[in-house]
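Spelled out, the chains give:
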Amino acid sequence: MLRRLAPAVSRALLSSASNPSGRSKIPVPSHSPPGALLSHWRRCASASSSSASPPPPPPPPPKGAPQSGSGTTVSSLNPAEVAKFAAIAETWRDPYSSKPLEGLKVIDVGCGGGILSEPLARMGATVTAIDAVDKNIKIASVHAASDPMTASIEYCCTTAEELVKQKRQFDAVISLEVIEHVANPLEFCQSLSALTVPNGATVVSTINRSMRAYATAIVAAEYILRWLPKGTHEWSKLVTPEELVLMLQKASVSVQEIAGFVYNPLSGEWSLSDDISVNYIALGIKKSEAPSAMSEAPSAMSEPPSAMTEAPSTMTEVSSTMAKKQG
């Protein structure tokens, strides 16, 4: 599931970052989706049946082969067929397929207008999207209803804590640019963890509490470029990567991958980076068993994990969704 999630989330972010014409600024690799294989085979079969003679009948079983019921175990495997499907095994869970998240329950915590929820739904996930602002939910619901592929999104004006009380759980819990706005980040992480099934994924993005982040994400973005309303972010409430990793660890989520991302104003594109001094995103796994003492700091708290110094290999792209969700 995690192999599907990381690249798929990146694609969802990418899909939600479009220029005014609706075309993505960063090309998505082209792969044949598994869902297209059947129709492709049918087209090939139709073409071959109209232009070639029918295939010969299958050969009779070899003489002396043991028959079923004779007391000897007979294998039904066809080596040629096994080899055929082994050759396309990777396509069953192709992260670049049209619906790589099919069969997964995903929640978008702090969904805003649904700019991430909709790409996730189009990728096949069963999406629940929540936000504390009722107006956001109404706008997102109206927009999602216009597309049959997103109309199934469950939008709710509620909080993560309320869903925890309802004992709701999801295969993946995603919260982008939200933790810096909550009253208690540690309790928020614990709520995200409670919503995640054991061995499920928790994805969090935010802004680092650094002087560079203050200069770029607050001074430049809010006061100079006016991308965001003044006062959108408070520098003292921003969370450092080290703090986020420790809070997630206390909440039984082990951070596996973490990376920064940067914006190129000349090209208008975002790209993944090992620079986590401003914006960054983390992928964690919910531990199958809670630690024995939640209040005790883990032994590794003295230094950040090695994953914090290098960009993850699976999360290969990121988009301007971050900038849109920073409000």
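Our subject is the structure that appears above.
Our subject in this report is the structure included herewith. Since this is a predicted model, take the numbers as computed values, not measurements.

1. So, the pairing of strand E2 (residues 126–131)
Taken residue by residue, a regular strand's side chains alternate between the two faces of the sheet.
No. 1: Burial analysis of E2 places five of its six residues in the buried class, which makes it a mostly covered element.
No. 2: Bridge count between strand E1 (residues 105–109) and E2: five bridges; the pairing is parallel. Each residue of the ladder has a partner; that of aspartate 108, found in E2, is alanine 129.
No. 3: Alignment of E2 against strand E3 (residues 154–157), held across four bridges, turns out to be parallel. The residue of E3 that forms the bridge with alanine 129 is tyrosine 155.
No. 4: Each parallel crossover has a hand, and for E2 linked through helix H5 (residues 134–145) to E3 it is right-handed.

2. Brief notes about the pattern of salt bridges
In a structure, side chains of opposite charge can pair up when their charged atoms sit close to one another.
No. 1: Applying the stated rule across the entire model yields eight salt bridges.
No. 2: Here arginine 212 and aspartate 275 are joined by a salt bridge, their closest N and O atoms 2.3 Å apart. Pair noted here: arginine 212 is in helix H8 (residues 211–224) and aspartate 275 is in the loop between strand E7 (269–273) and strand E8 (279–286), with a separation of 63 residues, a long-range link.
No. 3: Looking at arginine 212, the relative accessible area reads 44%, which means it is partly exposed.
No. 4: Each member of the salt-bridge network shares a partner with another, and the members are Glu118, Arg122 and Asp147.

3. Quick look at helix H9 (residues 241–250)
No. 1: Listed as buried for H9 are Pro241, Leu244, Val245, Met247, Leu248 and Gln249.
No. 2: Summarising the contacts, the buried residues of H9 are in contact with helix H7 (185–195), strand E5 (196–207), strand E6 (253–264) and E8.
No. 3: Directly after H9, the chain includes serine 252, whose backbone phi takes a positive value near 70°.

4. Details of the packing of aromatic side chains
How two aromatic rings sit relative to each other is given by the distance of their centres and the angle of their planes.
No. 1: On inspection of all chains with the given rule, the structure shows three aromatic pairs.
No. 2: When the ring of tryptophan 227 is compared with that of tyrosine 263, the centres are 5.6 Å apart and the planes differ by 90°; the resulting orientation is edge-to-face. In this pair, tryptophan 227 is assigned in the loop between H8 and H9 and tyrosine 263 in strand E6, connecting sequence segments 36 residues apart.
No. 3: Given the relative accessible area of 31%, tyrosine 263 is considered partly exposed.
No. 4: Seen from their ring centres, tyrosine 263 and tryptophan 270 are 5.2 Å apart, and the 50° between their planes marks the pair as tilted.
No. 5: Overall, tryptophan 270 belongs to the buried group, its relative accessible area being 9%.
No. 6: Here the aromatic cluster, defined as three or more aromatic residues joined through ring pairs, consists of Trp227, Phe261, Tyr263 and Trp270.

5. Thoughts on unusual backbone geometry
No. 1: One non-glycine residue, lysine 167, lies in positive phi territory at about 60°.
No. 2: When you line up the elements, lysine 167 lands in the loop between helix H6 (160–165) and strand E4 (170–176).
No. 3: You will see that serine 252, though not glycine, has its phi angle at about 70°, which is positive.
No. 4: Structurally, serine 252 is set in the loop between H9 and E6.

6. Let's talk about the nonpolar core
No. 1: Grouped together as the largest cluster of nonpolar side chains are 26 residues, with contacts concentrated most on Ile107, Val109, Val173, Ile179, Cys189, Leu195 and Leu244.
No. 2: When residues of this core are traced back to their parent elements, those giving at least two are E1, H6, E4, H7, H9, E6 and E8.
No. 3: If we ignore the near neighbours within four places in the chain, the residues touching isoleucine 107 are Thr128, Ile130, Leu163, Phe170, Ala172, Val173, Ile174 and Leu195.

7. Focus on the sheet that holds E4
No. 1: Reading across from one edge, E3-E2-E1-E4-E5-E8-E6-E7 is the order of the eight strands in this open sheet, with mixed pairing throughout. Edge strands, defined here as strands with exactly one partner in the open sheet, are E3 and E7. The sheet shows a mean angle of 20° between the axes of neighbouring strands, taken without regard to direction.
No. 2: Where E6 meets E7, five bridges bridge the pair, whose relative direction is antiparallel. Looking at E7, one finds that phenylalanine 261 is bridged to leucine 272.

Scoring rules and cut-offs
- Residues numbered from 1 in each chain as written.
- Predicted model: local features only at pLDDT ≥ 70, side-chain atom pairs only at ≥ 80, totals over all residues.
- Heavy atoms only, no water.
- Buried < 20%, exposed > 50% of the residue type's maximum accessible area, 1.4 Å probe, protein only.
- Helix = DSSP H or I, 4+ residues; strand = E, 2+ residues; numbered from the N terminus.
- Pairing = 2+ DSSP bridges.
- Right-handed = clockwise from strand over helix to strand, strands pointing away.
- Salt bridge = Lys/Arg side-chain N within 4 Å of Asp/Glu carboxyl O.
- Contact = heavy atoms within 4.5 Å.
- Phe/Tyr/Trp six-rings, centres within 6.5 Å; stacked < 30°, edge-to-face > 60°.
- Core = buried A, V, L, I, M, F, W, Y, C linked by side-chain atoms within 4.5 Å.
- Axes fitted to C-alpha atoms, helices over the stretch in contact; angles between N-to-C directions.

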